[in-house]
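Chain by chain, the residues:
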Amino acid sequence: MAISDWMPTLIARLGTITGLAANGTQPHRVRGYTDLPATLLELPSMIVLPLRSPHQYSAGGPAIWVHQLQATLYVSPAVLPEAFAVAIPYIKLVRDKMAANVTLTGLSWSGGRVAHWLPQADANFYEGPGRVTYAGADGNEREYLGIIFRMEVKEVETAVTVTA
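Since the structure is predicted, the reported quantities are computational estimates derived from the model, not experimental observations.

## Some remarks on helix 3 (residues 89-99)
Move 1: Along helix 3, the positions that sit buried rather than exposed are Tyr90, Ile91, Val94 and Met98. On an axial view of helix 3, the arc spanned by its buried residues comes to 110 degrees, and they lie on one face. Among the exposed residues of helix 3, those pointing more than 90 degrees away from its buried face are Lys92 and Ala99.

## A few points about the pairing of strand 4 (residues 63-76)
Move 1: Most of strand 4 is tucked away, with 12 of its 14 residues classed as buried.
Move 2: Taken together, the 7 bridges between strand 2 (residues 45-52) and strand 4 define a ladder with antiparallel strand orientation. Considered in strand 4, the bridge of Met46 is made with Leu73.
Move 3: Pairing analysis gives 2 bridges linking strand 3 (residues 55-56) to strand 4, with the strands arranged antiparallel. Among the inter-strand pairings, His55 is bridged to a residue of strand 4, identified as Trp65.
Move 4: Summarising the sheet, strand 4 and strand 8 (residues 141-157) pair through 13 bridges and their orientation is antiparallel.

## Re helix 1 (residues 3-14)
Move 1: Over its 12 residues, helix 1 runs 16 Å from end to end, which matches the ideal 16 Å to within 8%, given 1.5 Å per residue.
Move 2: For helix 1, the full list of buried residues reads Ile3, Trp6, Met7, Thr9, Leu10, Ile11 and Leu14.

## Describing the layout of surface pockets
Move 1: Roughly 150 Å³ of internal volume is contained in the largest pocket.
Move 2: When the residues that make up the lining of the largest pocket are grouped by side-chain class, the tally is 4 nonpolar, 4 polar and 3 charged.

## Here's the deal with a nonpolar patch on the surface
Move 1: Nonpolar side chains collect at one region of the surface, where Tyr33, Leu36 and Leu49 lie side by side and expose about 240 Å² of accessible area between them.
Move 2: Among the secondary structure elements, Leu49 is positioned in strand 2.
Move 3: Looking at Leu49, the relative accessible area reads 31%, which means it is partly exposed.

## As for the nonpolar core
Move 1: Counting residues in hydrophobic clusters, the biggest one holds 30 residues, and the most contacted among them are Leu10, Leu14 and Met46.
Move 2: Listing elements by their share of this core, those giving two or more residues are helix 1, strand 2, strand 4, helix 2 (81-87), helix 3, strand 6 (112-119) and strand 8.
Move 3: Not counting residues within four places of it along the chain, the set of residues in contact with Leu10 comprises Val48, Leu69, Leu104, Trp117 and Val153.

About the criteria used
Residues numbered from 1 in each chain as written. Predicted model: local features only at pLDDT ≥ 70, side-chain atom pairs only at ≥ 80, totals over all residues. Heavy atoms only, no water. Buried < 20%, exposed > 50% of the residue type's maximum accessible area, 1.4 Å probe, protein only. Helix = DSSP H or I, 4+ residues; strand = E, 2+ residues; numbered from the N terminus. Arc of directions from axis to C-beta. Pairing = 2+ DSSP bridges. Expected span 1.5 Å × (residues − 1). 1 Å grid on protein atoms, 1.4 Å probe; cavity = no way out; pocket = protein on both sides within 12 Å on 5 of 7 lines; lining within 4 Å. Points joined across faces, edges and corners; volume = space filled by probe spheres on them. Nonpolar A, V, L, I, M, F, W, Y, C, P; charged D, E, K, R; others polar. Patch = residues over 30% accessible without salt bridge, like charges linked within 9 Å, V, L, I, M, F, W, Y side chains within 5 Å. Areas by Shrake-Rupley, 256 points an atom, 1.4 Å probe, with all protein chains shown as cover. Salt bridge = Lys/Arg side-chain N within 4 Å of Asp/Glu carboxyl O. Core = buried A, V, L, I, M, F, W, Y, C linked by side-chain atoms within 4.5 Å. Contact = heavy atoms within 4.5 Å.

Here it is as structure tokens:
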């Protein structure tokens, strides 16, 4: 499994979205499984996590992963009416970023490549804006206004050894 091969690129692409992009003093506000924050200090922020994947391989062919991901956008520290106007434009911004990078700009590595990065085929692309939660280092869940995006990355892994 090569999530570590493509996840940094996916996070970096999302990290160029206006409002999530780096500024002069802060890095971009998109994080993955390797750098989860103890608390969400800066908003908006997005956290991208793998959820599940069907997997196929055979003796004569490549290994195919279709990784299902959840990207949760946290917009405000409470469900505030004015936060909806901040959140809703991200639906198009995220979709446009994905559409412009369907193969994560041709990402490949020794033994594999990304075939596509798309909205998840069997789920709604987004849910919300609405209530989302995040449990910080103290384990207490905090409520935010946010949007949950469902994505998939199809990975074709050619360096798989299958033996009887």
